[in-house]
Amino acid sequence: MKRIRKAVLPVAGLGTRFLPATKSIPKEMLTVVDRPVIQHVVDDAREAGIEHFIFVTGRGKAVIEDHFDIAYELDRTLQERGKVKEFEALKADLPQAGQTSFTRQQAPLGLGHAVWCAREIVGDEPFAVILPDMLSRGAMRQMLDAYDRHGGNIIAVEEVPEDQTHQYGIVATGQDHGQTFEITGMVEKPKPGTAPSNLIISGRYILQPEVFGVLAAQETGAGGEIQLTDAMKKLMGSQPFFGMRYEGRTYDTGTKLGFLTANVAYALDRQDLAEPFRAELRKLLGER
Ligand code: UTP
């Protein structure tokens, strides 16, 4: 079985749910505690063993490329001022030269189209797709473990209340293997009351390269966009798909509530911040 080395990170979306913050700053660069959302996601995938990050960007997203480059003047200044800890931390965060690739989607035609734009860089091997606005700590490790057990295609899922299923891609479940299960169907944004389950596709995928062939047809689906869910659904006829129940909590930083909650949760997990931050929160909550 081929190892998963590469991850595609589609970052060409417009982030309209987070205006005006995202007018000139990509939503992936908004910070959760002291690092951009995209850095959290890359760290998590690097820890799991992903070696190459393929960013599918769009206009106004060049700052993401700068973020994953050496900031030469800054490094030099930090060294000259003896800020060794800060310098080392910056270095540790950075994938090596050659471990990142950037390509442009050119027009925001949908997630499926964004993934298709990475086809030449991925080549003929299975790969991961990571939606970088979804913060799911440890998810890539769990995905790769599931892939080691099953092979094929793996989709991370999470439960939502039934009245929210119409906002997401939903899977239908077959044989259960505990944390994982066979997927027997998929639907993108089902009409209320028609969803086959309450398990949403939550932003982490491992896909076989044949998906590019399906996406090449550029068929549009829900919202007039080229949907990844539709392409996966087509591929289900010829390839196995497994769902992986992510054990952990996902924060959708593309929404205001998810972003704010992520900041609180990540700050409370930080040794250097937890205690004083908790005290501030108590004060605030006591006042309201
Ligand atoms: P979202 O549905 O979150 O869309 O896309 P968005 O445009 O980023 O945000 P809103 O809805 O306008 O607030 C899910 C993921 O797919 C990427 C986004 O960057 C995000 O990571 N995407 C979506 C693309 O890269 N290209 C597209 O054409 C659409």
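Structure report, in brief. (Residues numbered from 1 in each chain as written. Predicted model: local features only at pLDDT ≥ 70, side-chain atom pairs only at ≥ 80, totals over all residues. Heavy atoms only, no water.)

1. Brief notes about the overall build of the protein chain
Next, step 1: In terms of regular secondary structure, the protein chain is built from 11 helices and 13 strands.
Next, step 2: For the protein chain, whose C-alpha radius of gyration is 20 Å, the value lies close to the compact-globule estimate of 19 Å for 288 residues.
Next, step 3: Reported as C-alpha extents along the three principal axes, the dimensions of the protein chain are approximately 60 × 50 × 35 Å.
Next, step 4: Within the protein chain, buried positions represent 48% of all 288 residues.
Next, step 5: The long-range share in the protein chain, meaning contacts at least 24 apart out of those at least 6 apart in sequence, stands at 76%.
Next, step 6: Of the roughly 14700 Å² of accessible surface on the protein chain, 51% is carried by carbon and sulfur atoms.
Next, step 7: If the 34 positive side-chain charges of the protein chain are averaged to one point and the 39 negative ones to another, these points end up 3 Å apart. (Helix = DSSP H or I, 4+ residues; strand = E, 2+ residues; numbered from the N terminus. Rg over C-alpha atoms; globule rule 2.2 N^0.38 Å. Buried < 20%, exposed > 50% of the residue type's maximum accessible area, 1.4 Å probe, protein only. Contact = heavy atoms within 4.5 Å. Areas by Shrake-Rupley, 256 points an atom, 1.4 Å probe, with all protein chains shown as cover. Lys, Arg positive; Asp, Glu negative; His and termini not counted. Charge placed at Lys NZ, Arg CZ, Asp CG, Glu CD.)

2. Digging into the pattern of salt bridges
Next, step 1: On inspection of all chains with the given rule, the structure shows 17 salt bridges.
Next, step 2: Between Glu-28 and Lys-61 there is a salt bridge whose closest N-O contact spans 3.0 Å. Here the residue Glu-28 occupies a position in the loop between strand 1 (6-10) and strand 2 (31-32), and Lys-61 occupies one in the loop between strand 4 (52-57) and helix 2 (62-67), the gap between them amounting to 33 residues.
Next, step 3: A relative accessible area of 3% places Glu-28 in the buried class. (Salt bridge = Lys/Arg side-chain N within 4 Å of Asp/Glu carboxyl O.)

3. What about the site of the ligand?
Next, step 1: Near the ligand lie 18 residues; those nearest to it are Thr-16, Arg-17, Lys-27, Gln-105 and Gly-110.
Next, step 2: The separation between an oxygen atom of the ligand and a polar main-chain atom of Leu-109 is 3.3 Å.
Next, step 3: At 3.3 Å, a side-chain N or O of Asp-133 approaches an oxygen atom of the ligand.
Next, step 4: Contact with the protein chains covers 82% of the free accessible surface of the ligand, which is 570 Å².
Next, step 5: Residue classes in the shell around the ligand are distributed as 9 nonpolar, 5 polar and 4 charged. (Near = heavy atom within 4 Å. Polar contact = N/O pair within 3.5 Å; in protein donor to acceptor, adjacent residues only side chain to side chain. Nonpolar A, V, L, I, M, F, W, Y, C, P; charged D, E, K, R; others polar.)

4. Focus: helix 10 (residues 256-268)
Next, step 1: Look at helix 10: 19 Å from first C-alpha to last across 13 residues, which is about the 18 Å you get at 1.5 Å a residue.
Next, step 2: The set of residues buried in helix 10 consists of Gly-258, Phe-259, Ala-262, Asn-263, Ala-265, Tyr-266 and Ala-267. (Expected span 1.5 Å × (residues − 1).)

5. As for the side chain of Lys-61
Next, step 1: Owing to a relative accessible area of 7%, Lys-61 belongs among the buried residues under this scheme.
Next, step 2: Within polar-contact distance, the side chain of Lys-61 engages the backbone oxygen of Gly-13 at 3.0 Å.
Next, step 3: Apart from the residues lying within four places of it in its own chain, the contact partners of Lys-61 are Val-11, Ala-12, Gly-13, Pro-26, Lys-27 and Glu-28.

6. Remarks on the packing of aromatic side chains
Next, step 1: Under the defined criterion, the tally for this structure stands at 5 aromatic pairs.
Next, step 2: Between Phe-55 and Phe-102, the ring centres sit 4.8 Å apart and the planes meet at 10 degrees, which makes this aromatic pair stacked. Highlighted residues: Phe-55 in strand 4 and Phe-102 in strand 5 (residues 100-104), separated in sequence by 47 residues.
Next, step 3: Judged by its relative accessible area of 0%, Phe-55 falls in the buried class.
Next, step 4: Its relative accessible area of 25% is what places Phe-102 among the partly exposed residues.
Next, step 5: Members of the aromatic cluster, connected to one another through ring pairs, are Phe-55, Phe-68 and Phe-102. (Phe/Tyr/Trp six-rings, centres within 6.5 Å; stacked < 30°, edge-to-face > 60°.)

7. Some thoughts on the nonpolar core
Next, step 1: Ranked by internal contacts, the top residues of the largest apolar core, which has 39 residues, are Leu-9, Phe-55 and Met-140.
Next, step 2: If we skip the residues at most four places from it in the chain, Phe-55 touches Leu-9, Val-11, Ile-38, Val-42, Ile-64, Phe-68, Thr-100, Ser-101, Phe-102 and Thr-103.
Next, step 3: Core analysis: the next-biggest nonpolar cluster, separate from the first, contains 32 residues, Ile-155, Met-186, Val-211 and Leu-228 among them. (Core = buried A, V, L, I, M, F, W, Y, C linked by side-chain atoms within 4.5 Å.)

8. Thoughts on the pairing of strand 9 (residues 169-176)
Next, step 1: Summarising the sheet, strand 9 and strand 10 (residues 180-188) pair through 6 bridges and their orientation is antiparallel. Bridging from a neighbouring strand, Thr-173 pairs with Ile-183 of strand 10. (Pairing = 2+ DSSP bridges.)

9. Things to note about the side chain of Asn-153
Next, step 1: By the secondary structure assignment, Asn-153 is in strand 8 (residues 153-159).
Next, step 2: For Asn-153, a relative accessible area of 0% corresponds to the buried category.
Next, step 3: Here the side chain of Asn-153 touches Pro-240 through a polar contact of 3.1 Å, landing on its backbone oxygen.
Next, step 4: Apart from the residues within four sequence positions on either side, Asn-153 is in contact with Ile-206, Leu-207, Gln-208, Leu-235, Gln-239, Pro-240, Phe-241 and Phe-242.

10. Observations regarding the packing of helix 1 (residues 37-48) against helix 7 (residues 139-150)
Next, step 1: Where helix 1 meets helix 7, the closest approach of the two axes is 7 Å, and the angle between their N-to-C directions is 35 degrees. Of the two elements, helix 1 crosses helix 7, and the hand of that crossing is right-handed. Of the residues in helix 7, those in contact with Asp-44, Ala-45 and Ala-48 of helix 1 are Ala-139, Met-140, Arg-141 and Leu-144.
Next, step 2: Of the residues assigned to the contact of helix 1 with helix 7, the class counts are 5 nonpolar, no polar and 2 charged. (Axes fitted to C-alpha atoms, helices over the stretch in contact; angles between N-to-C directions. Left-handed = near helix turned anticlockwise from the far one by under 90°.)

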